[in-house]
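# Geometric and topological summary
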Amino acid sequence: MSAAQHQAFVLGSVSFVAFFFVICFVLSSRRTKFSDFAACNLVFVAATFYAVALLDISGERTEVFLAIMTELPVVLIVAWICLALAGGLPSHLGARPVEPVARRTWLRKVLEFTPILLLFFVILACVVGLIRPSPAMHLYAPAPPAFFALKALIMIPEGFCSALAALTFILAGRSSGLRGRLYFKNLAFAVGMLGIASIAFESTVVASFRVWASEEGRQGILEKLIALETCFTVVCILAFAAGLSLRYTPTVAGPLLHRLQMGWLHAQEQFESLEWRAVNTGAADRLTTASDAVALACRLRNLPESDTEKALATIRVVAMMKDPSSETRYITPEAARELYELQEEILRDSALSSKISWAVNLRSRAQEYQTVKSAPLHHALRAALDLIDRQDQNSRIQARPLWHWIAAVSAADAKIVDSPAPVQLEGQDGYRTAVEAYCAAKTTLQKLDTDDRERRVEYGRPQTQA
Amino acid sequence: MPKRGFGNVLWKELGRPWRQLRDISGARSGCHEPRSLLTAAEFQEELAILGLSCRRFDPKDYADALGDYLNICINIHVIPDEWYPELSRRLAISGRLGEIRYSERLTLAAIFVPGSLPPLVLTLTILHELGHLAAGDLLVDPSEEVGGSHHQHSEEAEFATASTRKGKKLARGFPFAEEALREREANLRASYALFAGCLGNESPYAYAMYSVL
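## Here we look at the overall build of chain A
Check the secondary structure of chain A and you find 16 helices and two strands. Relative to its 466 residues, chain A shows a buried fraction of 38%. Nonlocal contacts in chain A, meaning residues at least 24 apart in sequence, comprise 75% of its contacts between residues at least 6 apart.

## Considering the overall build of chain B
Looking only at helices and strands, chain B has seven helices and five strands in total. Counting from the amino terminus, helix and strand elements in chain B follow one another as α-β-α-α-β-α-β-β-α-β-α-α. In chain B, buried positions account for 42% of the 213 residues. Intrachain contacts of chain B at a sequence separation of at least 6 include 71% that bridge at least 24 residues.

## Brief notes about the sheet that holds strand β4 (residues 108–114) of chain B
Sheet strands pair by backbone hydrogen bonding; their relative direction is either parallel or antiparallel. Residues and elements named next belong to chain B. Here three strands make up an open sheet; going across it, the order is β2-β4-β3 and the pairing mixed. Pairing within the sheet leaves two strands with one partner each, and these edge strands are β2 (73–79) and β3 (99–103). Across this sheet, the average inter-strand angle for adjacent strands is 15 degrees, counted without regard to direction.

## Here's the deal with the domain arrangement of chain A
Structurally, chain A comprises domain 1 (57–245) and domain 2 (254–360 + 367–389 + 401–455). Computed from C-alpha atoms alone, the centre-to-centre distance between domain 1 of chain A and domain 2 of chain A is 65 Å.

## Some thoughts on the nonpolar core
A general trend in soluble globular proteins is that nonpolar side chains are found buried together. All names here are of chain A. One finds V78, V294 and I406 to be the most contacted residues of the largest nonpolar core, which totals 179 residues. Here this core gets 14 residues from one element, more than from any other, and that element is helix α3 (residues 60–85). Mapping this core onto the domain boundaries places at least three of its residues in each of domain 1 (57–245) and domain 2 (254–360 + 367–389 + 401–455). Discounting chain neighbours no more than four positions away, the residues touching V78 are L118, E158, C161, S162, A165 and I196.

## Quick look at helix α6 (residues 145–174) of chain A
A rise of 1.5 Å per residue sets the reference length of α6(A), with its 30 residues, at 44 Å; its end C-alpha atoms lie 42 Å apart and thus fit the reference within 8%. Approximately 30 degrees is the largest bend angle found in α6(A), and it occurs at A:A152.

## Observations regarding the interface of chain A and chain B
Contacts between chain A and chain B engage 48 residues on the former and 44 residues on the latter. Looking at which element gives the most residues to the side of chain A that touches chain B, the answer is helix α9 (residues 254–280) of chain A, with eleven residues. Its residues assigned to classes, the side of chain A that touches chain B shows 24 nonpolar, 14 polar and ten charged.

## A closer look at the environment of B:T164
Residue and element names in this part refer to chain B. Residue placement: T164 occurs in the loop between β5 (158–162) and α6 (179–199). Take T164: there are 18 C-beta atoms within 10 Å of it, and that puts it in the partly exposed class. Taking the C-alpha atoms as reference, T164 lies 17 Å from A180; in sequence the two are 16 residues apart. When sequence neighbours within four positions are dropped, the list of residues in contact with T164 reads G136, L139, V140, F174 and P175.

## Concerning helix α2 (residues 33–54) of chain A
Residues and elements named next belong to chain A. For α2, which comprises 22 residues, the first-to-last C-alpha distance of 32 Å matches the rise-based estimate of 32 Å (1.5 Å per residue) to within 8%. When we look at burial in α2, the residues that qualify are F34, A38, N41, L42, V45, A46, T48, F49, V52 and A53. The arc that holds every buried residue of α2, seen down its axis, measures 165 degrees, which confines them to one face.

## A short note on the pairing of β3(B)
Residue and element names in this part refer to chain B. For β3 and β4, the ladder comprises five bridges, and the chain directions are antiparallel. Along β4, the bridge assignment pairs E99 with F112. Between β3 and β4, which pair antiparallel one after the other, the connecting turn spans four residues, and T107 there sits at a positive phi close to 45 degrees.

## Concerning the packing of α9(A) against helix α12 (residues 333–348) of chain A
All names here are of chain A. The interhelical angle for the contact between α9 and α12, taken along N-to-C directions, is 130 degrees, at an axis separation of 10 Å. Relative to α12, the element α9 lies oblique. Considering how the two elements wind past one another, α9 and α12 form a crossing that is left-handed. Residues L260, G263, W264, A267, Q268 and F271 of α9 pack against A335, E338, L339, L342, Q343 and I346 of α12. Here the residues of the contact of α9 with α12 sort into eight nonpolar, three polar and one charged.

## Topic: the packing of helix α2 (residues 40–50) of chain B against α6(B)
Residue and element names in this part refer to chain B. Two numbers describe how α2 lies on α6: the axes approach to 10 Å, and their chain directions differ by 65 degrees. By the angle class used here, α2 and α6 are roughly perpendicular. Between α2 and α6 the crossing geometry is right-handed. Counted together, A40, F43, Q44 and L47 of α2 and R189, Y192 and A196 of α6 form the full contact between these two elements. When the residues that make up the contact of α2 with α6 are grouped by side-chain class, the tally is five nonpolar, one polar and one charged.

## A word on the environment of A:I315
All names here are of chain A. Considering the arrangement of structural elements, one finds I315 in helix α11 (residues 305–322). Judged by local crowding, I315 falls into the buried class, with 29 C-beta atoms found within 10 Å. Each C-alpha atom, one on I315 and one on L381, is 9.9 Å from the other, the two residues being 66 residues apart in sequence.

## Things to note about unusual backbone geometry
Residue and element names in this part refer to chain B. For N71, which is not glycine, the phi torsion reads 55 degrees and is therefore positive. The residue N71 is located in the loop between α3 (59–70) and β2 in this model. Positive phi outside glycine occurs at T107, with the angle close to 45 degrees. With respect to the helices, strands and loops of the structure, T107 is situated in the loop between β3 and β4.

## Overview of the confidence of the model for chain B
A low pLDDT score tells you not to read the predicted coordinates there in detail. Residue and element names in this part refer to chain B. With 79% of its residues at a pLDDT of 70 or more, chain B shows a mean pLDDT of 82. Segment residues 23–30 is flagged for pLDDT under 50; beyond a separation of four residues in sequence, or across chains, it makes six contacts in the model. If you check the scores for this complex, the pTM reads 0.81 and the ipTM reads 0.79.

## Digging into the confidence of the model for chain A
Of all residues in chain A, 88% have pLDDT values of 70 or greater, and the mean over the chain is 84. When pLDDT is averaged over each helix and strand of chain A, the minimum, 78, is found for helix α1 (residues 3–29) of chain A and the maximum, 95, for α6(A).

## Looking at the environment of A:H266
All names here are of chain A. Looking at the secondary structure, you find H266 in helix α9. The exposure class of H266 is partly exposed, given the 16 C-beta atoms found within 10 Å. The spatial distance from the C-alpha of H266 to the C-alpha of G12 is 57 Å, given a sequence separation of 254 residues.

Thresholds applied
Residues numbered from 1 in each chain as written. Chains lettered and ligands numbered in written order. Predicted model: local features only at pLDDT ≥ 70, side-chain atom pairs only at ≥ 80, totals over all residues. Helix = DSSP H or I, 4+ residues; strand = E, 2+ residues; numbered from the N terminus. Buried ≥ 20, exposed ≤ 12 C-beta atoms within 10 Å, placed from the backbone. Contact = placed C-beta atoms within 7 Å. Pairing = 2+ DSSP bridges. Axes fitted to C-alpha atoms, helices over the stretch in contact; angles between N-to-C directions. Domains from an automatic or database assignment. Core = buried A, V, L, I, M, F, W, Y, C linked by C-beta atoms within 7 Å. Expected span 1.5 Å × (residues − 1). Bend = angle between axes of the 7 residues up to and from the residue. Nonpolar A, V, L, I, M, F, W, Y, C, P; charged D, E, K, R; others polar. Arc of directions from axis to C-beta. Parallel < 35°, antiparallel > 145°, perpendicular 65-115°, else oblique. Left-handed = near helix turned anticlockwise from the far one by under 90°. pLDDT = per-residue confidence, 0-100.

Take a look at the structure:
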């Protein structure tokens with residue numbers, strides 16, 4: 001076995017061990033498309049080096065062919081990474097471009113073109129190497145200028161593409177608002193790609209020394225350069241290992257978010273918009289008078305504005321659920337229960353529920369936000385379902401806030417729901433207070449209405465001459 | 001030379017049925033390549049173009065960023081009911097929640113929404129109208145409009161698209177030929193925008209744009 005064959009055998013064994021490491025530790029704990037690709041590539045590298053070790057590489061053309069084969073895995077890695085950064089991988093791999101690439105069309109086009117560019121130069125190097133063969137698998141032997149051309153054709157484009165990928169990773173890492181772990185992950189990959197770029201440019205320098213350096217000083221310089229290349233390789237491997245091992249799990253899982261978008265948001269939007277439509281088209285006439293009395297009753301009892309909103313929302317939801325018109329046919333007790341369950345699911349996830357919010361008033365400068373919990377609809381749904389579901393006339397009703405009782409009194413007064421039986425209200429002082437407040441509000445409204453009508457009649461009467 | 005000539009002829013002949021098929025389908029529908037509905041990941045890409053990826057934003061920020069990208073001025077008008085009480089009633093009767101007016105000549109877009117809308121619906125309505133602008137729906141030629149009712153399809157299903165007048169849009173694909181699909185996609189854009197704006201850098205789709213390997 002020659003020195004070159006021995007070296008190839010060692011490299012093949014290292015690649016094979018690395019493949020086992022990836023299979024046992026990386027793929028089992030965190031499987032990504034890149035780790036799958038890296039595992040396949042390592043098998044390819046190991047097979048190539050073992051082939052070099054087993055084959056008799058006496059001919060220079062065979063050496064050129066094998067040299068290109070050993071470079072190919074790195075070229076493939078660079079091409080894959082550039083394509084992944086550009087979001088150009090097949091759609092079944094679910095690829096999207098990295099953020100800085102999405103913002104820069106030129107960068108996306110360049111990165112997408114990278115695999116074709118690299119492949120073209122590998123084929124060109126192959127042609128040059130086969131026309132002008134050289135001792136490509138030797139380490140220190142002098143070589144003809146064709147060897148430099150062979151190396152430069154592969155290494156210079158590979159170096160530039162790697163440097164571009166490194167720059168893209170740096171841009172991604174520098175993006176504002178990025179979490180620390182993702183910053184370091186991108187930084188690690190940037191170092192890894194810079195390592196590949198350095199190895200590529202350094203290999204070109206090594207080739208130039210083999211071609212043009214004088215006999216006496218050549219071996220010494222080449223030994224130093226190969227040691228430097230080993231350092232770059234170690235840094236590169238460590239950086240990639242660090243990048244792959246740095247994990248970041250988003251607070252909100254994608255499937256949960258998808259379910260919320262399709263389920264909760266759609267249902268809540270439909271509920272609120274149908275309610276708004278029904279009120280504005282006059283489909284729920286009974287609501288107007290009931291709402292005015294509810295609002296005034298709440299004010300008479302000095303309830304906060306948020307409680308008034310809840311009471312008004314409750315009376316609206318109950319009216320919609322009991323309304324037989326086609327406008328509100330989607331608002332059923334079943335739909336309300338389903339929406340309430342979805343809201344409860346969000347509220348159980350405190351991290352998520354605290355983040356989902358929307359502005360209460362877009363016209364106001366002082367932004368006030370509403371959440372699933374603070375939105376009146378959440379409380380209204382529970383209260384409305386409570387009023388609708390009150391079937392068992394013998395069971396006692398649990399304690400409820402005053403706004404709930406005002407809404408209940410109003411709904412019963414408007415003949416939307418039945419009044420609770422006296423047995424059910426045993427010990428419920430709140431209900432009595434609500435009845436008093438509601439009656440007072442209704443009397444006030446009736447008085448205002450009478451006064452208003454009289455005033456109109458007064459203004460409408462023809463003026464008589466004195 | 002004769003060999004090259006034969007190759008050219010063979011290539012042309014092989015390609016003819018495909019071209020004819022493409023021309024026929026294109027002429028009949030006046031459509032571009034069909035595509036599926038927008039996904040959350042694709043929407044995140046649009047946000048990255050606008051510089052809003054990984055950031056929290058509200059409808060106004062989205063409108064400003066979209067306006068800057070499209071080189072138009074987008075004004076959002078939330079009309080209080082006291083100012084124009086008829087607006088809510090008219091919109092409610094017509095089954096709409098808001099309206100967008102777009103002038104290519106004046107490079108101006110105006111969104112009108114009634115102030116009486118519940119806060120969540122108001123936010124989603126504004127985002128829905130902005131979604132039409134982002135998709136380029138307002139650039140669809142009226143002659144390319146396809147009516148008809150739209151049924152629920154799977155998310156992977158592909159639909160015909162329409163050609164547009166010359167103008168800038170944010171979406172990579174062309175707008176759908178069918179109006180119901182354009183509305184459905186605008187709803188999707190609105191829901192994606194609401195969640196992306198709330199979650200900022202904690203959105204799983206934003207995270208995916210910084211971790212490609």
